[in-house]
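Reading the structure
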Amino acid sequence: MKSPRSFTLSLVLVALLGATAHAETKPNVIIIFADDMGYGEIQALNPERSKIPTPSLNKLAEEGMIFTDAHTTSSVCSPSRYGLLTGRYNWRSTLQRGVLQGGDDPLIAADRLTLGKLFQSQGYVTGMFGKWHLNYSYEMPEGAQKLKDKKSGYEPSGYPIGTKIPDGPLTRGFDIFHGFHHAGSMSSIVDGDAIVKEMPVVEVLPEITTAAAGFIDAHAAGAKEGKPFFMYFPLSSPHTPIAPAPEWIGKGLIGEYGDFVAQTDGSVGAVMEALERNGLTKNTIVIFSADNGTSKAANIPALEKQGHYPSANLRGSKADLWDGGHRVPFILRWPEQVKAASKSDQLISLADMMATFAEMLSVELADNTAEDSISFYPILAGKELENPRESVVHHSIDGKFAIRQGDWKLLLAAGSGGWSAPKDPEALADGLPEMQLYDLSKDLGEEQNLVAQNPEKVAGLIKLLETYVAEGRSTPGEAQENDAEVDIWKKRKGGAAKKDRNKDKKNDEKKGKKKDKSED
C-alpha cells in the first residue's frame, strides 16, 4: 500500500514554483486510448494467436515497456474513461451501471482534478482528439430544431451545426478539443465548444487522426522551447460501427473487423511519425491502451475460427468481470528513460495515471483528488516500487463488482457480470455459486471456482471491498464521500430496481441495441 500522501501544497502553488524549474526536462505526454480492443489484438502481446498485422504497435512495444497486468476500472466505456481521467473508481460517481448517452450534465464534476487540469497546472498545452463519452450538454442556436432524419452511413447527434457545447472537454482540462461524444453521435464533430460539421462514420477516424498529428506539428516548436504538451487521443475504433476506410480494406487479413484494427494501428503510426518528423520522439511519453476488451459485435467466434483470439488466453470480453473484459493492452514508450523491449508484470490500474504523472511532475495531490490512484513512476526508471498496488476493484456493465488482492480474485456474481455466457441469471438457474474465486497465479483463464474451499479468503476480500466503499478511497488519506450510494451486491429491490430496468430499456431503444448490444 502506498505511503500516506502529503497534502500541504496546492496545485496552484506548485504551478507557480515549479513551472519553470522543470521546463527544459518535462516530457510531452500522449495517451492513445483505443475503443473496445482486447489484450490479444496486438501481435506483440499475443504472437501466436493474433492474426491482424499491427506493425506500429509492435514497434511501440519493441521501443518501450509492455505492462502485462494493466486494468481499466470498468469493462465498458464511460466508466473506464472516468477512472482514467480522474484517478477515481467510476462507481464512486453517480453512474452505477451502463454508459452515458450525452445531452446531460457531465459525469466529471467541474471542480474535480482531471489529467488535463494536472498538466495545465504545470504549463502544458492540453489537447483532446476523439471520443469523450462523459456527457455534455447541447445548446442549439436560437430558432433551431433537432434533426430527425438520419442518412445512411451517418451516426448524428440530432443537433444542428452551430449547437454549442457549454460543458465539454474545454471545461474539464483541455485547451483544445476536436471530436465527438460517443459512437451513436460520432458524425457530429465538435471543434472547441460547438458542432462544426457532420460527416460519414467512415471518415471519423481519419479526421481525428489528422487533427492529432496536426496538434503535434503545431506545438512541436513550443515543446522544444519549454512549453510541453499533453495529448489525449481516444480513438473511435475498433468500436462499432465497424467502418474501415477504403484504403484499409483487406489489410487486416481476416475481414472487415481485422481491417478496422489494422487502421487503428495506422492511427498509432501516424502519431509516431508526427513525433519523428518533429524530432520529439526521445522525450515524449507515448502510452497506448484501451477502455475495455473486445466487443461481441466483432463476432469473436468467427475471429477465433480464423485463429485470432482478441482476449488472448483470458476469459470473457467487453462488459464482463472476467479479465478479458478489463485487462487491456498497456504499452509505454519513453526513449529518454524507459528501457526498450522491457516488460513489467506489476499490477496497475488506468486510474494510476494521475498519481504517476503527479509524481513525475512533483505535484502533491490533495486529499479529495485521485482517491484510487497509486503511482508506478519508479518502474519507468527501472527501480523497484516501495509501495506497489496490491489490490484493484473491477466493475462490469451491469454494475457487478469484483475485487483482486495479489493473485486472488473474487467476483460478486454467479456468471460473467456482463454479456458473456453464462450471464448471471443463467448461471444461478444452472445452480452455480453466487460468487466466484480464482487463484490467477494458477488459473489465469478463471476456470476453477475455489469459492467453496476458501471461505476465509472470500470473507476477507468482501471486507476489503466494503472498506474501500465506506472510506470513499482505496489509498491512504482522509475519508471521502462517494457521489451516490454504492450497493456492492446490486440487489436493490422493488421500485428502485424497476426504475433501473426501465431506464435500461429506454436506453436500449435509444441506442438501437438490435445492431450492437453495447452502445458506448
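1. Some points on the pattern of salt bridges
- One pass over the full model with this rule turns up 22 salt bridges.
- Across the salt bridge formed by D35 and R81, the nearest N and O atoms sit 3.5 Å from each other. Of this pair, D35 sits in the loop between β1 (28-34) and α2 (55-63) while R81 sits in helix α3 (residues 77-86), and the two are 46 residues apart along the sequence.
- When its relative accessible area of 1% is taken as the criterion, D35 is described as buried.
- One salt bridge connects D372 with R92, and the closest N-O pair in it is separated by 2.9 Å. On the criterion of sequence distance, the pair formed by D372 in the loop between α8 (353-360) and β13 (391-395) and R92 in the loop between α3 and α4 (115-121) is long-range, its members being 280 residues apart. With respect to class, D372 is no different from R92; both count as buried.
- Three or more residues are tied together by salt bridges with common partners; here these are D69, D323, R327, R404, K409 and E446.

2. Topic: the packing of α2 against helix α6 (residues 256-277)
- At a minimum axis separation of 7 Å, α2 and α6 run at an interaxial angle of 55°. For the element pair α2 / α6, the angle class is oblique. Side by side, α2 and α6 meet where P55, S56, L57, K59, L60 and E63 of the first sit next to D265, V268, G269 and M272 of the second.
- Its residues placed into classes, the contact of α2 with α6 shows five nonpolar, two polar and three charged.

3. As for the sheet that holds strand β6 (residues 188-191)
- The ten strands are arranged β7-β6-β5-β4-β8-β1-β9-β10-β2-β11 in an open sheet whose pairing can be described as mixed. Bordering the open sheet on either side are β7 (194-198) and β11 (342-344), each of which pairs with just one other strand. Averaged over all pairs of adjacent strands, the angle between strand axes in this sheet comes to 15°, irrespective of strand direction.
- Where strand β2 (residues 65-67) lies against strand β10 (residues 331-333), two bridges are found, and the strand directions are antiparallel. In the strand pairing of β10, M65 is matched with L332.

4. Some points on α3
- In terms of residue burial, α3 counts as a mostly covered element, since ten of its ten residues are buried.
- Among the residues of α3, C77, S78, P79, S80, R81, Y82, G83, L84, L85 and T86 are the ones counted as buried.
- Among the structural elements, β1, α4, β4 (125-131), β8 (229-234) and α8 are those in contact with the buried residues of α3.

Rules of the game
Residues numbered from 1 in each chain as written. Predicted model: local features only at pLDDT ≥ 70, side-chain atom pairs only at ≥ 80, totals over all residues. Heavy atoms only, no water. Salt bridge = Lys/Arg side-chain N within 4 Å of Asp/Glu carboxyl O. Helix = DSSP H or I, 4+ residues; strand = E, 2+ residues; numbered from the N terminus. Buried < 20%, exposed > 50% of the residue type's maximum accessible area, 1.4 Å probe, protein only. Axes fitted to C-alpha atoms, helices over the stretch in contact; angles between N-to-C directions. Parallel < 35°, antiparallel > 145°, perpendicular 65-115°, else oblique. Contact = heavy atoms within 4.5 Å. Nonpolar A, V, L, I, M, F, W, Y, C, P; charged D, E, K, R; others polar. Pairing = 2+ DSSP bridges.

In short, geometric facts, not functional conclusions.
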